[in-house]
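Fold and contact review
Listed below, chain by chain, are the residues.
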Amino acid sequence: MSDSVLYDVAGPRTRRRTAVWGAAATVALLALVALGATRLADNGQFDAEKWSPFVEIPRVREILAEGLLATLQAAAYALVFALVLGTLLAVGRLSTHWWLRWPAGLVVEILRALPLLLLIFFFFLAFPLAFGINVAPLWSLVLGLTLYNGAVIAEIIRAGVLALPRGQREAAAAIGLRDSQVMRLVLLPQAFRVMLPALISQLVVLLKDSTLGFLIGYRDLLEVSGVIRQQLDNPIQTYLIVAAIFILVNSALSWLAHRVEARQRRKYGVRARLGVDDVETGLQQGAAAAVAAGATARPVGPPGATDEPRA
Amino acid sequence: MEAVIQNVDVLASAFWVTLQLALIGAVGALVVGTLIASMRVSPVPPLRWFGAAYVQIVRNTPLTVVLFMAAFGLPEVGVVVSFFSFAAIGLTVYTAAFVAEAVRSGINAVPVGQAEAARSIGLTFPQTMGLVILPQAIRSVIPPLGSIMIALLKNTSVAAAVGVAEAMQTTAGLANRFGNQVLEIFAIVGLIYAALALTLSFLFRLVERRLAVSR
């Protein structure tokens, strides 16, 4: 039984054809790599002096570590503030009062339509020039990240709350809770748990976006690596190492998100839950698409019928 | 406000560069991304590994790092082109990974019977993909593709990092020159970006209504 429906279990002819294609693809790939490698070698990119500083000179590693710490610091601040802002905006958008709903909705839509770089430059350039308040690079970066990711997180939370079974809100109202209590005590805690994988994915996006700080002089990983590059004149090697660091950190976070998602699915059934990929594919279109993407397998029957008994 | 009115031509040409970057990046990303998605489901193992590795690596790398590697690395390999082209290549490579993931989810959403029927009438893998699966797959993921394209439009602002004179770069320059009207400059530029994003979103909704297959 083949593991994909797009092609049958291979017979002898197909096995030969697949082997030929595989070999051809590998040869083509290796040829491309070899071509690039020879060109690089001609330009001396494989010389030890371009690579050894990363191993031999401790100062280089120290600089990289400082940069990574600065990146993580900015991302941590931004994540906390964005969570707070996002929760407030989401609650506003879900409110029954139109005078809360419309402004919150407007703010979210505007913030999501603007490029993150515009927001960062706004705090870094516009504030000093217009209001005379100098905003440090770190806080320009954090404020920009907070505003933008706050809007995205607001949509994630809103999708999470909308994906909860209607019975939750109804039951909470039936036992006499006020609207704000319904939100605070019943809906939000469940929504947070449901959207934890999506939140971790957003953290990955946040980490990647934090590199924009180098454009305003914030000494994050990208900026300090620029210093290394200028001193040692080895841009390829430096940025390769930086890319490797980012890939490692982000892969670890993505793996964590997948683990959390799998654990949610095991504990709470295949109910409405926001998957890791829904962040990028569905959420930007608003809650409806996210709910559709995450809640495709709603079980038939009254809510709670497929749940494990919860204390 | 006068600063904006006097420099309308500068802003217009800057936004034209932004649009060009976005357009080239979009077309390139769609082509490359669909290719990568096909590679990920193909029966040839090396292609599968390459597709998976590509997506995993590029999705976890910041766009700025990708642009830097394009701008600094490609000349060393012998590809020397303008900053604009480096930015276009970097944006294409970066966005293609996201397009690949979206298209792959679309491929998985096509009913199994379609692929089985294609196999049973003897279509080869390329024929199955090209004639049966991909047309349906892409039509079912138009909303996510739309949001990826809007993100691409906003990501063109990062090309300012590699010296492309697009809208963000020009805005910063104007803000520095006309410090007393910086709020108006930012407001106008923000409005234009928002208008572009809204237009794109509206266009995709049109396309979706005419072409989409909901599953």
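The present account deals with the structure reproduced in this document. On a predicted model such as this, the values are computed, not experimentally measured, just so you know.

Thresholds, definitions, all that
- Residues numbered from 1 in each chain as written.
- Chains lettered and ligands numbered in written order.
- Predicted model: local features only at pLDDT ≥ 70, side-chain atom pairs only at ≥ 80, totals over all residues.
- Heavy atoms only, no water.
- Contact = heavy atoms within 4.5 Å.
- Buried area = accessible area lost by both parts, 1.4 Å probe.
- Salt bridge = Lys/Arg side-chain N within 4 Å of Asp/Glu carboxyl O.
- Helix = DSSP H or I, 4+ residues; strand = E, 2+ residues; numbered from the N terminus.
- Expected span 1.5 Å × (residues − 1).
- Buried < 20%, exposed > 50% of the residue type's maximum accessible area, 1.4 Å probe, protein only.
- Arc of directions from axis to C-beta.
- 1 Å grid on protein atoms, 1.4 Å probe; cavity = no way out; pocket = protein on both sides within 12 Å on 5 of 7 lines; lining within 4 Å.
- Points joined across faces, edges and corners; volume = space filled by probe spheres on them.
- Nonpolar A, V, L, I, M, F, W, Y, C, P; charged D, E, K, R; others polar.
- Patch = residues over 30% accessible without salt bridge, like charges linked within 9 Å, V, L, I, M, F, W, Y side chains within 5 Å.
- Areas by Shrake-Rupley, 256 points an atom, 1.4 Å probe, with all protein chains shown as cover.
- Lys, Arg positive; Asp, Glu negative; His and termini not counted.
- Charge placed at Lys NZ, Arg CZ, Asp CG, Glu CD.
- Phe/Tyr/Trp six-rings, centres within 6.5 Å; stacked < 30°, edge-to-face > 60°.

**Description of the interface of chain B and chain A**
- At the junction of the two partners, chain B supplies 56 residues and chain A supplies 54 residues.
- For the pair chain B and chain A, the two sides together bury roughly 4,800 Å², of which 72% comes from carbon and sulfur.
- Broken down residue by residue, the surface that chain B buries against chain A is led by B:Asn60, B:Glu76 and B:Lys154, which jointly contribute 14%.
- At the boundary of chain B with chain A, the tally comes to 0 salt bridges.
- Contributions of two or more residues to the side of chain B that touches chain A are made by helix H3 (45–59), helix H4 (63–77), helix H5 (83–109), helix H6 (112–120), helix H7 (125–140), helix H8 (142–155), helix H9 (167–177) and helix H10 (182–211) of chain B.

**So, H3(B)**
Residue and element names in this part refer to chain B.
- The end-to-end C-alpha separation of H3 is 21 Å, in line with the 21 Å expected for 15 residues at 1.5 Å each.
- Along H3, the residues that are buried comprise Gly-51, Tyr-54, Val-55, Val-58 and Arg-59. On an axial view of H3, the arc spanned by its buried residues comes to 100°, and they lie on one face.

**Observations concerning empty space enclosed by the protein**
- Under the definition given, this model contains 2 cavities of 30 Å³ or more.
- Around the largest cavity sit 30 residues that line it, and A:Val205, A:Asp209, B:Tyr94, B:Ala151 and B:Asn155 are the ones nearest its centre.
- Mapped onto the lining of the largest cavity, the elements with two or more residues apiece are helix H6 (116–131), helix H7 (137–163), helix H10 (196–209) and helix H13 (278–281) of chain A together with H4, H5 and H8 of chain B.
- Take the lining of the largest cavity: its biggest share by element is 6 residues, from H8(B).
- Taken together, the residues that form the lining of the largest cavity break down as 17 nonpolar, 9 polar and 4 charged.

**A closer look at a positive patch on the surface**
- On the surface, A:Arg259, A:Arg263, A:Arg266 and A:Lys267 cluster together to form a positively charged patch.
- As for its placement among the helices and strands, A:Arg266 is situated in helix H12 (residues 235–268).

**As for the packing of aromatic side chains**
- Applying the stated rule across the entire model yields 14 aromatic pairs over all chains.
- Judged by centre distance (6.3 Å) and plane angle (20°), the ring pair of A:Tyr77 and A:Phe81 falls under stacked. In this pair, A:Tyr77 and A:Phe81 are both assigned in helix H4 (residues 58–94), 4 residues apart and thus about one turn of the helix distant.
- The partly exposed category is assigned to A:Tyr77, whose relative accessible area is 32%.
- Residue classification places A:Phe81 among the partly exposed residues on the basis of a relative accessible area of 37%.
- Ring centres 5.2 Å apart and planes at 75° place the aromatic pair A:Phe214 and B:Phe68 in the edge-to-face group. Of this pair, A:Phe214 sits in the loop between H10 and helix H11 (221–232) while B:Phe68 sits in helix H4, placing the two residues on different chains.

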